[in-house]
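# A look at the structure
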Amino acid sequence: MTSENHGTLKGDTALVMSPTGSATQGSPVSPSTSKPMPELPDELVQAGWSKCWSKRENRPYWFNRFTNQSLWEMPVLGQHDVISDPLGLNAAPASAEGAGDAGLGNGQRKRRLSDEASLGGPNSFKRPKVVVYNSECIFQFSPLIYWDLDIQTNAVIKERAPADHLPPHPEIELQRAQLTTKLRQHYHELCYQREGIEPPRESFNRWLLERKVLDKGPDPLLPSECDPIISPSMFREVMNDIPIRLSRIKYKEEARKLLFKYAEAAKKMIDSRNASPDSRKVVKWNAEDTMNWLRRDHSASKEDYMDRLEHLRKQCGPHVAAVARDSVEGICTKIYHISAEYVRRIRQTHLNLLKDCNITGEMPDLQDRLVYCYPVRLALPSPPQPRVELHFENDIACLRYKGEMVKVNRGYFAKLELLYRYSCIDDPRFEKFLSRVWCLIKRYQVMFGAGVNEGTGLQGALPVPVFEALNKQFGVTFECFASPLNSYFKQFCSAFPDTDGFFGSRGPFLNFSPASGSFEANPPFCEELMDAMVTHFEELLEKSSEPLSFIIFVPEWRDPLTPALKRMETSIYRRHQMSVPAFEHEYRSGSQHICKKEEMYYKAVHGTAVVFLQNAAGFAKWEPTLERIQELLAAYQVSGRALGSPGPSSTPTMPSPASVGGLGDKDSTSARAAPERSASLDTLSTASQDNSSISSPVEKMPPEAASV
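Here is a short report on the structure shown in this document.

Quick notes on the rules
- Residues numbered from 1 in each chain as written.
- Predicted model: local features only at pLDDT ≥ 70, side-chain atom pairs only at ≥ 80, totals over all residues.
- Heavy atoms only, no water.
- Helix = DSSP H or I, 4+ residues; strand = E, 2+ residues; numbered from the N terminus.
- Buried < 20%, exposed > 50% of the residue type's maximum accessible area, 1.4 Å probe, protein only.
- Contact = heavy atoms within 4.5 Å.
- Areas by Shrake-Rupley, 256 points an atom, 1.4 Å probe, with all protein chains shown as cover.
- Expected span 1.5 Å × (residues − 1).
- Polar contact = N/O pair within 3.5 Å; in protein donor to acceptor, adjacent residues only side chain to side chain.
- Core = buried A, V, L, I, M, F, W, Y, C linked by side-chain atoms within 4.5 Å.
- Disulfide = S-S within 2.5 Å.
- Salt bridge = Lys/Arg side-chain N within 4 Å of Asp/Glu carboxyl O.
- Pairing = 2+ DSSP bridges.
- Axes fitted to C-alpha atoms, helices over the stretch in contact; angles between N-to-C directions.
- Parallel < 35°, antiparallel > 145°, perpendicular 65-115°, else oblique.
- Nonpolar A, V, L, I, M, F, W, Y, C, P; charged D, E, K, R; others polar.

### Some points on the overall build of the chain
Along the chain, the regular secondary structure elements total 17 helices and 19 strands. Going through the 708 residues of the chain one by one, you find that 55% of them count as buried. Looking at the chain alone, contacts between residues at least 24 apart form 71% of all its contacts between residues at least 6 apart. Carbon and sulfur atoms make up 51% of the accessible area of the chain, which totals about 30,800 Å².

Okay, structure coming up:
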């Protein structure tokens, strides 16, 4: 029984006492005999205790939302009596309906309720619930669910040692957030001062992704040990916006203005930089010729202006790039060195904090055995956590630490509670839960950036029906790029093992080496990361003789063709490939944990390529047959719902779906910048190979991390 049922059983009224003793109305009747009550200690509030009023007994009692315990006397930490349950809140339901469901698992019960709802049965309406949370009593309706945490994993790995990451702490996370924001500001200032341009949209986020593919430094977010120092991703995107940023053109006048601005900016740049005489001559002649043509010809069409712009870029682009190269390399180098200095500061502060708390760890002995995959464990125990305040504003959970507030939808907050209960092994009383949730949300908030809709592409996700079809048809139980906020399964890889491991993350995918299992991969749309992902897939498939399958969703960029997609299309492990056309499928928003329900989905503005990479045993077990493929395509249909806006941003940006995991989290479908790519709408031919059959290593699923 969950705390959401609290206050609706046994005739008791959910009157929740505030810390000062006043009753918050969960019922229209307030006891006339209520007296001021002593304030609850912070430790009890953090442990989930709330003071409530029993209308039946006409006296207060204490209820724990995490354990469902209820006590007549004020609880004492460490001395709770589980048998003490004066209101019978932990009693099993005695009704015939409850008895009928007693033998059903969570998944079966959910499906039964869903079936009754679709048939207009007794459960076809949304039942209001009373939620008791830290001295608040809030009525709400059952939320829509975008995950299924009942599905067990079939991913098998070798037992691995605990990770050496430093345990998260709100004070350290706050420092990291402030320094990362400062680093973004440095990047903005350098681009404007040196090149006179705004930083390419989301280029800083993609720099973080691309750097973490190579980075060997200690910080989970900021890079500090990369080779080469100059980021190809950042260099490419800044150079693409020199001398001016090119935008999408709809009208003739816009094309005319853009052509004039490009000619003027190219001429100004070549005059102000140390260019060779030949470069100066070519650029100035072409720019002046273009301006003269614009003055003479007022009857040109939009296509004429765009053709002239393309010609001007071909003539002037190489010369402009040559004079800007050193400056742009200086921007990339400067940002990297500042980041490395910030990492040093953060780590020193973190080590000092652990030293003050006398935190030390021991590495356990490992056995060379196969186990079902389990969440990342940290080698060092967590230090004592400071108080994080929690309150609710309608359907939003607000967590505050030192004036810094993070927000999450109530339904997703409940999801984090479940993931924490399933995955965390060092905090059975949830005493560190709120501080760890604050660190988790703050980390992703900082990684996304502060711009409107910025970074949401890093967290987009496949629609729920697609995940259901992947699980039913291909045995998929694991996401290679996700986060605790957007995952569908409770087992997934994500960018940040230190914060996400408590909520089920298996760590970054590029550091995850399964021996068998069926996986979905929807990586951030960063070329360097996608290329590293394909390399990792092929290494895993080559090493394992057990059933291993990866179903990969990537943008169908073919102008030019991305290296990752090209490698997958020519891979010896490719068993099938298909394309889902643009504007005919949708994704869940990257801000799904905080956005409104009507903003949850948006349509894809480019095609999505779906590639099946499987070894021989994986192909024998999860073969992409025609019937299975048809079921998957059917799940992509919108089922009569009007599609939303075409992506999280109206500005052309590169989508990045994923927690950033391998770096991350999932898919998004805005158009791409630097360079812009067109989506192919053609359905690709299929290929089936290797029909050999090898038995599965494990047919019966034991508990997580049990020996296979």
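What follows picks up the thread again.
### Some remarks on helix α10 (residues 410–423)
Look at α10: 20 Å from first C-alpha to last across 14 residues, which is about the 20 Å you get at 1.5 Å a residue. Burial of α10 is extensive: ten of the 14 residues sit out of reach of the surface. The set of residues buried in α10 consists of R410, G411, Y412, F413, K415, L416, E417, L419, Y420 and S423. The residue sitting at the N-terminus of α10 and contributing the capping side-chain oxygen is N409; that oxygen lies 2.7 Å from the backbone nitrogen of G411.

### Details of the nonpolar core
Within the largest apolar cluster, 121 residues are counted, with the highest numbers of intra-cluster contacts made by I242, L399, F413, F433, L470 and F503. Ranked by the residues each element gives to this core, the list is headed by helix α9 (residues 302–356), at 17 residues. The residues contacting I242, other than those within four sequence positions of it, are E195, I197, M269, V320, A324 and V328. Membership of the second largest hydrophobic core comes to 32 residues, among which are F481, F519, F537 and L613.

### Quick look at the state of the cysteines
Across all of its chains, the model carries zero disulfides by this definition. Here C191 is not cross-linked by a disulfide; its sulfur's nearest cysteine counterpart is in C332, at 8.4 Å. By relative accessible area, which is 1% here, C332 ends up buried.

### Points about the pattern of salt bridges
Within this structure, the stated rule accounts for 25 salt bridges. Across the pair E569 and R558 runs a salt bridge whose closest N-O atoms are separated by 2.4 Å. With E569 in helix α15 (residues 563–569) and R558 in the loop between β15 (548–555) and α15, the pair connects residues that are eleven residues apart, well separated along the chain. Note on R558: relative accessible area 27%, which makes it partly exposed. What you see here is one network of salt bridges that share partners, running through E173, R176, D219, R443 and D498.

### As for the pairing of strand β3 (residues 49–54)
Among the six residues in β3, six count as buried, and that is most of the element. Residues W49, K51 and W53 point to one face of β3 and S50, C52 and S54 to the other, with burial holding for every one of them. The hairpin formed by β3 and strand β4 (residues 59–64) contains four residues between the paired strands, and N58 there has a positive phi angle of roughly 60 degrees.

### Considering the environment of P514
Relative to the helices and strands, P514 resides in strand β14 (residues 514–521). We classify P514 as buried; its relative accessible area is 3%. In contact with P514, not counting residues within four places along its chain, are V156, I157, F519, L540 and L548.

### A closer look at the sheet that holds strand β12 (residues 404–409)
Spatially, the three strands line up as an open sheet ordered β10-β11-β12, and their pairing is antiparallel. If you trace the sheet from one side to the other, it starts and ends with β10 (389–393) and β12, each paired once. Within the sheet, the average angular offset between the axes of one strand and its neighbour, ignoring direction, is 25 degrees. Here strand β11 (residues 396–401) pairs with β12 via six bridges, running antiparallel. Bridging from a neighbouring strand, R400 pairs with M405 of β12. Here α10 sits on the sheet and contacts β10, β11 and β12; the angle it forms with β12, its principal contact strand, is near 95 degrees.

### Here's the deal with the side chain of E556
Examined against the element boundaries, E556 turns out to sit in the loop between β15 and α15. One polar contact links E556 to S579, side chain to side chain, over a distance of 2.5 Å.

### Description of helix α7 (residues 252–272)
Here α7 is 21 residues long and its end C-alpha atoms lie 31 Å apart, about the 30 Å a rise of 1.5 Å per residue gives. Those residues of α7 not exposed but buried are A255, R256, L258, L259, Y262, A263, A265, A266, M269 and I270. Taken together, the buried residues of α7 touch α4 (170–195), α8 (277–296) and α9.

### Regarding the packing of helix α5 (residues 203–214) against helix α6 (residues 232–240)
It is the contact of α5 with α6, at a shortest axis distance of 8 Å, that shows an interaxial angle of 155 degrees. As judged from the angle between their axes, α5 and α6 are roughly antiparallel. Within the contact between the two elements, α5 uses S203, R206, W207, E210 and R211 and α6 uses P232, S233, M234 and E237. Taken together, the residues of the contact of α5 with α6 break down into three nonpolar, two polar and four charged.

By themselves, these observations are geometric and do not establish any function.
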